[in-house]
Amino acid sequence: MDLHPEFDLEGFPNRDSTIYSEPYGIQTAQTLLRGTLRYKGYSNACIGLQKVGLINTGNHPFLAPQSPELTWRDILCNLLDKTTDISDDALRAAILDKVGGEDDRLKVIEKLGLLSSEPVEKQTTPLDTLSNYLAKKLAYGPGERDMVLLVHIIGIEKSDGSRVQEKVSLLQYGDPQGYSAMAKTVGYPTAIASRLILNGEIQDRGMLVPFQRTVYQPILDRLKEENVQADYSIEKQ
């Protein structure tokens, strides 16, 4: 997806997007899509994990906390209905067949250490067990940082028939020695909104959502002071 010049991205729909048409006041929009952005190859990797059964949410007796100790290799053998004395080459061949012959999917499984003899912290389901493992395996190392990228693309047809595309992009990096990008983009708006209410700058009462200009504009203004700011562009179609 050509959404940002610095990144090779892919995107996929994120649940039901149509529920947002009324809150945003765009019921006449012909297309409304909310999606998730990931680096290219992410979806294919996840499909591989799904095909071998590692994203299964059902309880498995062999993953019960009191069950005998297992390795990741043992788990894959169990999920693929193979005995644990199978050779490494035969196990790789079985995995490759299960993931549709896609070599990249097999490489992801190997790179994540899911063919290793490392003992597993069993969490009852394959998905919970995998999530628990990846939370530690993929944790940020010294000097690493997270990144948040939001892209809004709005296609507009004017009354004279002309069309324009407006694009709003927010790119935020975390600070390895401070707050993460996720903490900034989620925590700052919440903290700012709380202060606005405490200081009486937001006079509305009740359950509020940031669709009113009196709510979102002062938050956006203060976010700029924290170096959280979106880029805006518009081009004719």
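Above this note sits the structure.
Residues numbered from 1 in each chain as written. Predicted model: local features only at pLDDT ≥ 70, side-chain atom pairs only at ≥ 80, totals over all residues. Heavy atoms only, no water.

S.K.: So what exactly am I meant to see when it comes to the sheet that holds strand 3 (residues 147-157) here?
M.R.: One key point about sheets: their strands pair by backbone hydrogen bonds, in either a parallel or an antiparallel sense. With antiparallel pairing, three strands are arranged side by side in an open sheet as 3-4-5. Because the sheet does not close on itself, it has two edges, and the strands there are strand 3 and strand 5 (231-236). Mean inter-strand twist for the sheet, computed between neighbouring axes without regard to direction, equals 15°. With six bridges joining them, strand 4 (residues 163-173) and strand 5 adopt antiparallel strand pairing. (Pairing = 2+ DSSP bridges. Helix = DSSP H or I, 4+ residues; strand = E, 2+ residues; numbered from the N terminus. Axes fitted to C-alpha atoms, helices over the stretch in contact; angles between N-to-C directions.)

S.K.: Just to check I follow, could you spell out unusual backbone geometry for this structure?
M.R.: Where the residue is not glycine, phi is negative for most of them; where a peptide bond is considered, it is trans in most cases. Positive phi is not limited to glycine here, since Thr124 has a value of about 80°. Positionally, Thr124 belongs in the loop between helix 4 (103-111) and helix 5 (126-137). Here Asn227, not a glycine, exhibits a phi torsion of approximately 60°, which is positive. Mapped onto the elements of the fold, Asn227 is located in the loop between helix 7 (213-225) and strand 5. Of the residues examined, Asn227 reaches a relative accessible area of 65% and is grouped as exposed. (Buried < 20%, exposed > 50% of the residue type's maximum accessible area, 1.4 Å probe, protein only.)

S.K.: Mind showing me how you'd approach the pairing of strand 3 here?
M.R.: Successive side chains on a regular strand alternate, one facing one side of the sheet and the next facing the other. Bridge count between strand 3 and strand 4: eleven bridges; the pairing is antiparallel. Within the sheet, the bridge partner assigned to Glu157 lies in strand 4 and is Arg163. Where strand 3 folds back onto strand 4 in an antiparallel hairpin, the turn is made up of five residues, including Gly161, whose phi is positive at roughly 90°.

S.K.: What is the right way to read the environment of Ile153 from this model?
M.R.: Inspection of the secondary structure assignment puts Ile153 in strand 3. The spatial distance from the C-alpha of Ile153 to the C-alpha of Leu33 is 9.9 Å, given a sequence separation of 120 residues. Not counting residues within four places of it along the chain, the set of residues in contact with Ile153 comprises Leu3, Gln165, Glu166 and Lys167. (Contact = heavy atoms within 4.5 Å.)

S.K.: How should the side chain of Thr129 be read in this particular structure?
M.R.: Mapping Thr129 onto the fold places it in helix 5. Overall, the relative accessible area of 1% leaves Thr129 in the buried class. Here the side chain of Thr129 touches Thr125 through a polar contact of 2.8 Å, landing on its backbone oxygen. Other than its neighbours up to four places away in sequence, Thr129 contacts Leu63, Trp72, Ile75, Val120, Glu121, Lys122, Gln123 and Thr124. (Polar contact = N/O pair within 3.5 Å; in protein donor to acceptor, adjacent residues only side chain to side chain.)

S.K.: Can you help me understand the packing of helix 6 (residues 181-198) against helix 7 in this one?
M.R.: At a minimum axis distance of 10 Å, the contact between helix 6 and helix 7 shows a crossing angle of 120°. The orientation of helix 6 with respect to helix 7, classified from their angle, is oblique. The element helix 6 and its partner helix 7 pack so that their crossing is right-handed. Facing helix 6, whose interface residues are Tyr188, Pro189, Ile192, Ala193 and Leu196, helix 7 presents Pro218, Ile219, Arg222 and Leu223. Here the residues of the contact of helix 6 with helix 7 are counted per class, giving eight nonpolar, no polar and one charged. (Parallel < 35°, antiparallel > 145°, perpendicular 65-115°, else oblique. Left-handed = near helix turned anticlockwise from the far one by under 90°. Nonpolar A, V, L, I, M, F, W, Y, C, P; charged D, E, K, R; others polar.)

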